[in-house]
Each structure stands twice: as structure tokens, then as C-alpha cells.
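Listed below, chain by chain, are the residues.
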Amino acid sequence: MALAGRIWRLLSGLDRQVRAYSAALRGIDAATADIASSVRLTPRERSVLALLSQGLTAGAIARRLDIAERTVHKHLERCYAKLGVTDRLSAVLHAQRLGLVGAA
């Protein structure tokens, strides 16, 4: 039963990510362009988000930017809040759709 519970949590997480990815593939419209201009990411938040979009972990981002890993997590929290998302994949996909970071 414990294994089944773990597998169920994994599959439901994958389902959420697939839904987020599908939504991201729908493209940019005029409202999305307005949202992109209203998102105010700091230069450091943009750099953290750009490195995240390259697939780096928080530890790798911290080493690359010469900051603490906890600082990376705080930057990501602020990015999530500003983008209106709750996880890494959604943040990267949303930022790519808005043109805030390049596609991988």
C-alpha cells in the first residue's frame, strides 16, 4: 500500500506537469503580452530563472552565481509569486511563453 501511495503521488505530479506543458504550448496572445510587460522580475531573478530553464538545480545555480542555495530558493519563491505559478516547470514554461527567458 505504501508503494502504491508513492506511485500515485508521482503519477499525479506528472499529470500536473503535462497539463502545464500543454497549456504552455497554446501560444502567446495579446493578453499574454500585456502580462509579460507587467511582470517585474529583478535582474537577479531573471538570471536565476534563466539558469533554471537550462535545467540547473538550485545548488548548481548557487555555485554558478556565487550565492547561497537558500538565496536561490528565495529568488525562485519571488519568481513564482510574480508569475503566479507554484512549481519549477510551470515557472519556466510561463516565463518562456512570456518571452522572459529563451527556450531551451
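See the structure above.
Residues numbered from 1 in each chain as written. Predicted model: local features only at pLDDT ≥ 70, side-chain atom pairs only at ≥ 80, totals over all residues. Heavy atoms only, no water.

**Student:** Explanation requested: helix α3 (residues 43-53) in the structure shown.
**Tutor:** Turn by turn, an α-helix covers 3.6 residues, leaving residues three or four places apart pointing in a common direction. Taken as a whole, α3 has its buried residues at E45, V48, L49, L51, L52 and S53. Where α3 is buried, its residues contact α4 (58-65), α5 (69-83) and α6 (88-98). Trailing α3 by a residue or two, G55 shows a phi angle of about 95°, which is positive. (Buried < 20%, exposed > 50% of the residue type's maximum accessible area, 1.4 Å probe, protein only. Helix = DSSP H or I, 4+ residues; strand = E, 2+ residues; numbered from the N terminus. Contact = heavy atoms within 4.5 Å.)

**Student:** Mind showing me how you'd approach the nonpolar core here?
**Tutor:** The nonpolar side chains of soluble globular proteins are, as a tendency, buried together. If you look at the biggest cluster of nonpolar residues, it comprises 24 residues, and the most contacted ones within it are L49, I61, V72, L83 and L100. Among the secondary structure elements, those contributing two or more residues to this core are α3, α4, α5 and α6. (Core = buried A, V, L, I, M, F, W, Y, C linked by side-chain atoms within 4.5 Å.)

**Student:** Hey, could you run me through the environment of A50 in this one?
**Tutor:** Along the polypeptide, A50 turns up in helix α3. In sequence terms A50 and Q96 are 46 residues apart; their C-alpha atoms lie 9.4 Å from each other.

**Student:** Would you mind showing me how to read the packing of α5 against α6 here?
**Tutor:** Two quantities define a packed helix pair, namely the angle between the axes and the distance from one axis to the other. Interaxial distance between α5 and α6 falls to 10 Å at its minimum, and their mutual angle equals 60°. Between α5 and α6, the crossing angle belongs to the class labelled oblique. As for how α5 packs across α6, the hand of that crossing is left-handed. The residues of α6 that touch α5, namely those facing H73, L76, Y80 and L83, are R88, A91, H94, A95 and L98. (Axes fitted to C-alpha atoms, helices over the stretch in contact; angles between N-to-C directions. Parallel < 35°, antiparallel > 145°, perpendicular 65-115°, else oblique. Left-handed = near helix turned anticlockwise from the far one by under 90°.)

**Student:** What's the story with a nonpolar patch on the surface in this structure? I'm lost.
**Tutor:** Taken together, the side chains of L3, I7, L10, L11 and L14 make up a nonpolar region of the molecular surface, amounting to roughly 500 Å² of accessible area. Inspection of the secondary structure assignment puts I7 in helix α1 (residues 2-24). Take I7: its relative accessible area is 41%, and that puts it in the partly exposed class. (Patch = residues over 30% accessible without salt bridge, like charges linked within 9 Å, V, L, I, M, F, W, Y side chains within 5 Å. Areas by Shrake-Rupley, 256 points an atom, 1.4 Å probe, with all protein chains shown as cover. Salt bridge = Lys/Arg side-chain N within 4 Å of Asp/Glu carboxyl O.)

**Student:** Got a minute to help me understand unusual backbone geometry in this structure?
**Tutor:** Most peptide bonds take the trans form, and the phi angle of most residues other than glycine is negative. A positive phi angle is found at D66, which is not glycine, with a value near 60°. For D66, the position within the fold is in the loop between α4 and α5.

**Student:** Can you help me understand α5 in this one?
**Tutor:** Here α5 spans 21 Å end to end across 15 residues, near enough to the 21 Å set by a 1.5 Å rise per residue. Of the residues making up α5, those classed as buried are V72, H75, L76, C79, Y80 and L83. When α5 is viewed along its axis, its buried side chains cluster within an angular range of 140° and face the same direction. Residues of α5 that are exposed and point over 90 degrees away from its buried face: R70 and A81. On its buried face, α5 is in contact with α3, α4 and α6. Looking at the residues trailing α5, positive phi occurs at G84, about 75°. (Expected span 1.5 Å × (residues − 1). Arc of directions from axis to C-beta.)

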